[in-house]
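# Secondary and tertiary structure notes
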Amino acid sequence: MLEVININTYYGDFKAIDNVSIKINEGDFITVIGPNGHGKSTLLKTICGLIYPKNGIIRLDNTKIVGLPPHKIVEMGLVYVPEGRNLFPEMTVMENLILGAYNKNARKKESKSLEFVFNLFPRLSERKKQLASTLSGGEARMLAIGRGLMSNAKILAIDEPSLGLAPNLRAEVFNKIGQINEAGITILMVEQTIVEAIHLIRRFYLMEDGKIVFEGTEKEALASEHVKQAFLGI
Amino acid sequence: MSGWLRSLIEVVIGGIEAGGIYILMAVGLSLLYGVTKIFNYSYGSLLTIGGYFTWIIISMVAGINYGIAIIIVLPIMFFIGLGIERVIVFPLRRRTNWEINVVIATLGLALVINSLILIVFGPLIKTLPPIIEGNIKVGGFVFSIYRLTVLGITIIIMIILRLFLTKTKIGMAMRAVSQDSLGAQIVGIPINRLFSYTFAISTVLAAISGIFLGSTYFLAPEGGWLFFVRAFIIVALGGIGSLGGAFIAALILGIVEGFVSWQFGAIWVMPAWFLVLMIILIIRPKGLFGVR
């Protein structure tokens, strides 16, 4: 479904992504783990067309997407959920969600998507008339994910969903992402530690210094001392 | 009622009428900066050519209806705005440090437009006829029907703009871009297209203001600068990007203008405007209604 082949991304002279390849099948739940500042977010942004790689191939459903403007990539169903949330602060929860369905494929399914989002996050339904800037950290995170779902996402690329959340909320957010995955949406998630979510994830990548240094299933991840200690927190 | 109080009320009425003429010009500048972060130095010149285009249609076509002339001019200005954004601003925006480059490019464009106006229309000032004439007296105070009409048209356009920004997908997308442009890209808003539309709408608002100002004051090849400076002060006072702020600030500065002209003479109007702006910015650095 999504193939990333040997991409390199630079910030000026600094090589942030070093020859990275990733393959995602339909329905997968993939997580890229790794320490802060080692290129995980850059990888997601590159895949979603917000940063251009210097070279390499990215294919979505067999179409090359490198160089396409971000809104074309969203239209194809690959949707980024940013770590910084990037909500529209002076708009209501409802307006934020409606704008999620901006592309023409998503507009047709707007009411259906809205129902799905409100079922998943009843809290957003209660707060739909509230300004996004007045939401708590957890609610804002849910709105960012909900807005991504409104875009008729086939693949949701989620950047550190648990960042800055209390432990009980982290588990809740991971559970919701698990439910989204069960509903048939492919998940590509980036995280620093994912101990609460380990049972949900099908395949792990470990990224260090812009390189993928480990790739494998939960079992293989647990078998590697390096992965286990540093990133699974076990 | 004492004579002084009566004069003061007249000054306030006159000030609101004068401020009303400035509202749309400030709203157009504020909308453009709020959404696109483009600071358009050619804004005053675009405003001026809006006025000149209307003038030439009215002068050349005998007996043409004012409204029809305006209906011809506004779409032309829309496409001029669209063209300027596509040809001049867009290529610069793809590079780093584009903000300062766009300032220089639009400043250059202003000089070119002003020279073209001088070549085509000559150095003599032009005045547009008022849209409507006459005065009405209410409670012993005289109101200019023309200026009240301008204020009325302005309020109607502000309401339409408000509905456009809150009820339509494109309008909502414009607000989205102004609040978080990365967020807007993420939800799939084609932000380059939005920039062009916003520039075009801003140019149309400039042209409407050009017609108001050309019939209140006059049009001259370099005349756009004065209006541009005024628009800038109003926008900064109201809070950059806030359309309601521009509305209130224009009325406040209109009253300041009336009061200062009455007490100290018209040459002190601009210093007084700057003084008011500086005092407000010391108290509220983001302007009266600014959020950023």
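Preceding this section is the structure that the text describes.
Here is a short report on the structure shown in this document. (Residues numbered from 1 in each chain as written. Chains lettered and ligands numbered in written order. Predicted model: local features only at pLDDT ≥ 70, side-chain atom pairs only at ≥ 80, totals over all residues. Heavy atoms only, no water.)

The tally for this structure, following the rule as stated, stands at 16 salt bridges over all chains. Taken together, the salt bridges that share partners define one network made up of Lys15(A), Asp18(A) and Lys211(A). (Salt bridge = Lys/Arg side-chain N within 4 Å of Asp/Glu carboxyl O.)

Residues and elements named next belong to chain A. Mapped onto the fold, Asp159 is located in strand S7 (residues 155-159). Lys45 provides the closest opposite charge to the buried, unpaired Asp159, separated from it by 5.6 Å. Here the side chain of Asp159 touches Ser41 through a polar contact of 2.9 Å, side chain to side chain. A polar contact is formed between the side chain of Asp159 and the side chain of Tyr80, at a distance of 2.8 Å. Sequence-distant contacts of Asp159, defined by excluding residues within four places in its chain, comprise Ser41, Leu44, Tyr80, Val81, Pro82, Glu83, Arg141 and Val190. (Helix = DSSP H or I, 4+ residues; strand = E, 2+ residues; numbered from the N terminus. Buried < 20%, exposed > 50% of the residue type's maximum accessible area, 1.4 Å probe, protein only. Lys, Arg positive; Asp, Glu negative; His and termini not counted. Polar contact = N/O pair within 3.5 Å; in protein donor to acceptor, adjacent residues only side chain to side chain. Contact = heavy atoms within 4.5 Å.)

All names here are of chain A. Within the chain, Asn19 stands out as a residue other than glycine whose phi angle is a positive 55°. Structurally, the position occupied by Asn19 is in strand S2 (residues 14-24). Backbone geometry places Asp61, a non-glycine residue, at a positive phi of 45°. Its location among the elements puts Asp61 in the loop between strand S4 (55-60) and strand S5 (63-64). Residue classification places Asp61 among the partly exposed positions, given a relative accessible area of 37%.

Moving on, we come to the sheet that holds S5(A). All names here are of chain A. If you walk across this open sheet you meet the four strands as S2-S1-S4-S5, and the pairing is antiparallel. The sheet is open, and its two borders are formed by S2 and S5, each paired with just one other strand. Bridge count between S4 and S5: two bridges; the pairing is antiparallel. Each bridged residue has a counterpart across the sheet, and for Arg59 the counterpart in S5 is Lys64. Sheet contacts for helix H1 (residues 40-47): strand S1 (2-11), S2 and S4; angle to S1, the most-contacted strand, approximately 115°. (Pairing = 2+ DSSP bridges. Axes fitted to C-alpha atoms, helices over the stretch in contact; angles between N-to-C directions.)

On to the interface of chain A and chain B. Facing the 22 residues of chain A at the interface are 22 residues of chain B. Between chain A and chain B, a total of about 2,000 Å² is buried, with carbon and sulfur atoms accounting for 63% of that surface. If you look at where chain A meets chain B, you find two salt bridges. The partner of Glu110(A) in a salt bridge is Lys169(B), with the nearest N and O atoms 3.1 Å apart. Where the side of chain A that touches chain B is concerned, the elements lending two or more residues are helix H2 (70-75) and helix H3 (93-100) of chain A. Take the side of chain A that touches chain B: its biggest share by element is four residues, from H3(A). In terms of residue class, the side of chain A that touches chain B is made up of 13 nonpolar, four polar and five charged. (Buried area = accessible area lost by both parts, 1.4 Å probe. Nonpolar A, V, L, I, M, F, W, Y, C, P; charged D, E, K, R; others polar.)

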